[in-house]
Amino acid sequence: MHTENDAGGHAGTEAWAGAVEKALDLHRGEPGPLLAVLHDIQDAIGWIPTESHARLAEALSLSKADVYGVVTFYHDFRSSPPGRHVLKLCRAEACQSMGAEALAKRLTAKLGVEFGLTSADGAVTLQPVYCLGNCACSPALMIDGNLIGRVTPERLDRIVADARAAR
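Just so you know, these numbers come straight off a predicted model, no measurement behind them. (Residues numbered from 1 in each chain as written. Predicted model: local features only at pLDDT ≥ 70, side-chain atom pairs only at ≥ 80, totals over all residues. Heavy atoms only, no water.)

### Here we look at the overall build of the chain
Heads up, the condition is: Strands here are runs of E lasting at least two residues and helices are runs of H or I lasting at least four, both read from the DSSP assignment and numbered beginning at the N terminus. Classification of residues uses two cut-offs on accessible area relative to the type maximum, computed with a 1.4 Å probe and protein chains only: under 20% is buried, over 50% is exposed, and between them is partly exposed. Whether two residues are in contact is decided by their heavy atoms: any pair within 4.5 Å suffices.
Within the chain, the regular secondary structure consists of 7 helices and 4 strands. Reading the chain from its N end, one meets helices and strands in the order α-α-α-α-β-α-α-β-β-β-α. Every one of the 167 residues in the chain was classed for burial, and the buried ones make up 43%. Taking all contacts inside the chain whose residues are at least 6 apart in sequence as the whole, residues at least 24 apart take part in 61%.

The structure is reproduced here in structure tokens:
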């Protein structure tokens, strides 16, 4: 599992600093650009390093607490590097009624982590999501941006095995 100070083989200081500056340049002069800047950084390197908060605060005339508050408030922002694959399992009512809770238990047992964490092998970051807009095909999950509906326990096992095997 990654920690906030563990780059986990992902972007080093130079890479994230470059991503921060690029995002700031792209949104310079826009009103209230923090969310857009954070999205651009995460799109570039996969997470928002805590060490970047001071630079963002300075450039956007905010406090470090303001930046930290936004990063930690929104569930889609990560403060540590993700695994090679990000798997989001829908936890909303429609999916729960179709077996998502059993899938969640199977998934956390199979990966050996709770939601919000990354498997020890660095393969999968597991995130809860509270609607993927695929209720008619529940239970649903998303892996690396690909939506998958009607997930059975067997299909879930294949998805996890494929993610672990892929680099």
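### Remarks on the packing of aromatic side chains
Our working rule: By convention, a stacked pair of Phe, Tyr or Trp rings (six-membered ring in the case of Trp) has centres within 6.5 Å and planes under 30 degrees apart, an edge-to-face pair has planes over 60 apart, and any other such pair is tilted.
Scanning the model with the defined rule gives 2 aromatic pairs in all. Among the aromatic side chains, those forming a connected cluster through ring pairs are F73, Y74 and F77.

### Side note on helix α2 (residues 34-45)
Keep this limit in mind: Between the first and last residue of a helix there are one fewer steps than residues, each counted as 1.5 Å, and that sum is the expected span.
If you check α2, its first and last C-alpha atoms are 17 Å apart, about what 12 residues at 1.5 Å a residue would give, namely 16 Å. Just downstream of α2 lies G46, where phi reads positive at about 95 degrees.

### Regarding the confidence of the model for the chain
Counted only if it meets this: A score between 0 and 100, pLDDT records how confident the predictor is in each residue.
Looking at the chain as a whole, its pLDDT mean stands at 92, while 92% of the residues score no less than 70. Confidence over residues 1-11 falls short of pLDDT 50; this stretch has 27 contacts with residues more than four positions distant or in other chains.

### Details of the side chain of H53
Topologically, H53 is positioned in helix α3 (residues 53-60). Taking the relative accessible area as the measure of exposure, H53 reaches 5% and is therefore buried. Ignoring anything within four residues of it in the chain, the contact list for H53 reads I48, K64, V67, Y68 and V71.

### Description of the sheet that holds strand β3 (residues 141-143)
Rules: Only when DSSP finds a minimum of two bridges between them are two strands counted as paired. To define axes, lines are fitted to C-alpha atoms, for helices over the stretch in contact only, and angles between the resulting N-to-C directions are given on a 0 to 180 degree scale.
Spatially, 4 strands are ordered β2-β1-β3-β4 in an open sheet, and the strand pairing comes out mixed. On the outer flanks of this sheet lie β2 (124-129) and β4 (146-148), each paired with one strand and no other. With strand direction ignored, the average angle separating the axes of adjacent strands in the sheet is 20 degrees. Contacting β1 (85-90) and β2, helix α6 (residues 100-111) runs over the sheet at an angle of about 150 degrees to β1. Relative to the sheet, helix α7 (residues 153-165) contacts β1, β2, β3 and β4, its axis offset from that of β3 by approximately 15 degrees.

### Regarding the pairing of β1
The element β1 is extensively covered by neighbouring structure, given that 6 of its 6 residues are classed as buried. Residues H85, L87 and L89 line one face of β1 and the alternating positions V86, K88 and C90 line the opposite face, and both faces are buried. With 6 bridges connecting them, β1 and β2 associate as parallel partners. The residue bridging V86 from the neighbouring strand is T125, located in β2. Bridging between β1 and β3 involves 3 bridges; their strand directions are antiparallel.

### Focus on the nonpolar core
Worth spelling out the cut-off: By nonpolar core we mean a set of buried residues, namely Ala, Val, Leu, Ile, Met, Phe, Trp, Tyr and Cys, connected to one another through side-chain atoms within 4.5 Å.
Counting residues in hydrophobic clusters, the biggest one holds 19 residues, and the most contacted among them are L38, I41 and L56. Counting only elements with at least two residues in this core, the list comes to α1 (13-26), α2, α3 and α4 (64-73). Setting aside residues no more than four positions away along its own chain, L56 makes contact with V20, L24, V37, L38, I41 and V67. Core analysis: the second largest hydrophobic core is formed by 18 residues, A104, L111, A123 and I143 among them.

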